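Overview (structure and organization)
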Amino acid sequence: MKFTFKKYIFLLNDFTNLLLSKERADDKRKIKKLVVVLIIAAALLLASLFINVYLVTGA
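Residues numbered from 1 in each chain as written. Predicted model: local features only at pLDDT ≥ 70, side-chain atom pairs only at ≥ 80, totals over all residues. Heavy atoms only, no water.

A few words now on the overall build of the protein. Scanning the protein from N- to C-terminus turns up one helix and zero strands. In summary, the protein has a C-alpha radius of gyration of 25 Å against a globular reference of 10 Å for 59 residues, an excess of more than 25%. On the principal axes, the C-alpha backbone points of the protein span a range of 85 × 10 × 5 Å. Every one of the 59 residues in the protein was classed for burial, and the buried ones make up 0%. As displayed, the protein offers around 5900 Å² of accessible surface, 75% of which is attributable to carbon and sulfur atoms. (Helix = DSSP H or I, 4+ residues; strand = E, 2+ residues; numbered from the N terminus. Rg over C-alpha atoms; globule rule 2.2 N^0.38 Å. Buried < 20%, exposed > 50% of the residue type's maximum accessible area, 1.4 Å probe, protein only. Areas by Shrake-Rupley, 256 points an atom, 1.4 Å probe, with all protein chains shown as cover.)

Okay, structure coming up:
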């Protein structure tokens, strides 16, 4: 009787570990994409700042 419960608990544990490892991999990919987007946005904002300063100073 105890063995059957242990078997199901171990199966449930393995299944949840598989799900969590997939979520961690997905999170890593999402973080990598967000970092790339953040770098692009920072570059665009910096370029916009330089263009605005150039236009305001009338150089």
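Still more to cover.
Inspection of the secondary structure puts A47 in helix α1 (residues 2-57). With a relative accessible area of 35%, A47 lands in the partly exposed category. Spatially, the C-alpha atoms of A47 and L19 are 42 Å apart, while their sequence positions differ by 28 residues.

We now examine the UniProt feature "transmembrane region" (unreviewed entry) in the protein. Within this structure's numbering, the places UniProt gives as "transmembrane region" (unreviewed entry) are residues 34-56. Measuring from the first to the last C-alpha atom of residues 34-56 gives 32 Å, for a span that is 100% helix and 0% strand. (UniProt positions renumbered as here; feature names shortened; annotations may be inferred.)

Our next topic: the environment of L46. Among the secondary structure elements, L46 is positioned in helix α1. For L46, a relative accessible area of 45% puts it in the partly exposed group. Distance in space between the C-alpha atoms of L46 and K22 is 36 Å, their sequence separation being 24 residues.

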